[in-house]
Amino acid sequence: MKLNIAKIALAATLVCSTGVFTGCSEEKVYELDAYAVPEASNYADAITIDVDQETNIATFKFNGEGVYPVWIIDGKTYSTAHSFSKYYRKKGEYNVEVKIANGNGMSQGTLLKTFEINKTIMNGFSGYQYDYEHNLWLTATQSEPSFYYAPGWAQIDNPAYSFNGDEYNVSLPSATTDQWQAQMHVTTDIVLEEGETYDWSMIVTSTKGMGGMTVKIHPEGDDGNFIVEKRFEIPENEPICLYGSEGLANVPYDKTVFTFDFGGCADGTDVTIENIVIKNHKYDDGTVLPAGPSCTFVDVNSDDNLWKGVTFVSGTEAGGYETWTSGAGWDGDVTEPTVTIGDNNYTIYYPRCSRYRPVEGSGEIPHRHRA
């Protein structure tokens, strides 16, 4: 059959070359082949993609006879099966290219199908419950972010960003070397009560590793008080949960600011911040925090205690201690503390703690710290 058709095609070509037929074309000759390469667009309705949003498993199916699909994911042929499944860890929009093939070859045309993964699933700890009723982020209003982007401490244009109500995506085109060179500030109407403690968490994914990303949560106009100021190491292209528990709000937060610093980023770093949670610690959402490193303390008089038997002297002589203080405005107006040395401790007495101002008529506020 194939050979006969080939002869017919050849004869048609010869006839065309003699000028007997007019309007001849390569396409008309090609149509004589009963086993022609399939056209991908004819199979658009034969492809289905179903996503189980609880497990992040996408199932790909093709329903067609006499042909087979070629599934292309991330630019590479992934499968030629009529049905297969694939796990996606990260939230986002994904796509798959599909070509159609048979014994004659693969289609020139390509079908592009897109699908959504609704949430990021972590291998390990994923933070506090995002959809929990006491997550203050869920009902908050977020301001337009402000930026300080200054590689080498020379400020340049703000990085591009997007926010869809649930997650931030930030694109950092230029590398930075130091902490605080790539700051992003998000002001919210979240109110935190003075004296209360708060839990927080978020999931961060970066296309390139960062030696340190700083998270700082503080009241608007006052970054000297905060429930957290911590730098985290971020791996490359692997979601990681950043979190903290029982951060104290030692002043009222009328508006809460989330400061993110990507100082130390490489060229072309894209960062996603999602699943932001901040809640009063008294509301238990059932989250169990990862176990910290175990530590067994030895007796103070044990030979394993490196401090046992140590010789130290007072004053600033070699091996001694040195005290220093300044004042609430770094103006040096606070008297140096006095230090009393015990058998295995120091007691440090501050006549007035520089963090507080005395109430009028109350005199100085004493403060003791024992180490």
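Criteria and thresholds
Residues numbered from 1 in each chain as written. Predicted model: local features only at pLDDT ≥ 70, side-chain atom pairs only at ≥ 80, totals over all residues. Heavy atoms only, no water. Helix = DSSP H or I, 4+ residues; strand = E, 2+ residues; numbered from the N terminus. Buried < 20%, exposed > 50% of the residue type's maximum accessible area, 1.4 Å probe, protein only. Contact = heavy atoms within 4.5 Å. Pairing = 2+ DSSP bridges. Axes fitted to C-alpha atoms, helices over the stretch in contact; angles between N-to-C directions.

### Quick notes on the overall build of the protein chain
Counting secondary structure elements, the protein chain contains 2 helices and 21 strands. The 371 residues of the protein chain split such that 36% are buried. Once local pairs closer than 6 in sequence are excluded, the contacts in the protein chain between residues at least 24 apart make up 67%.

### Some thoughts on the pairing of strand E13 (residues 197–206)
Along E13, 9 of the 10 residues are buried, which leaves the element largely enclosed by surrounding structure. Two elements, E13 and strand E18 (residues 269–280), share 8 bridges in a ladder whose sense is antiparallel. The residue bridging Ser206 from the neighbouring strand is Val271, located in E18.

### As for the sheet that holds strand E12 (residues 182–187)
With antiparallel pairing, 5 strands are arranged side by side in an open sheet as E9-E12-E17-E14-E15. Taken across any chain shown, the strands that pair with only one partner, and hence form the sheet edges, are strand E9 (146–149) and strand E15 (228–234). Pairs of neighbouring strands in the sheet enclose a mean axial angle of 15°, with direction left out of account. As judged from the 5 bridges shared by E12 and strand E17 (residues 256–261), these two strands associate in the antiparallel manner.

### Here's the deal with the sheet that holds strand E11 (residues 167–172)
Taken in spatial order, the 5 strands of this open sheet run E10-E11-E18-E13-E16, and their pairing is antiparallel. Bordering the open sheet on either side are strand E10 (160–163) and strand E16 (240–248), each of which pairs with just one other strand. Across this sheet, the average inter-strand angle for adjacent strands is 20°, counted without regard to direction.

### Here's the deal with the pairing of E9
Every second residue of E9 is oriented toward a common face, the buried set being Phe147 and Tyr149 and the non-buried set Ser146 and Tyr148. Two strands pair when backbone bridges link them, and E9 and E12 are joined in this way by 4 bridges, in the antiparallel orientation. Looking at E12, one finds that Tyr149 is bridged to Ala182.

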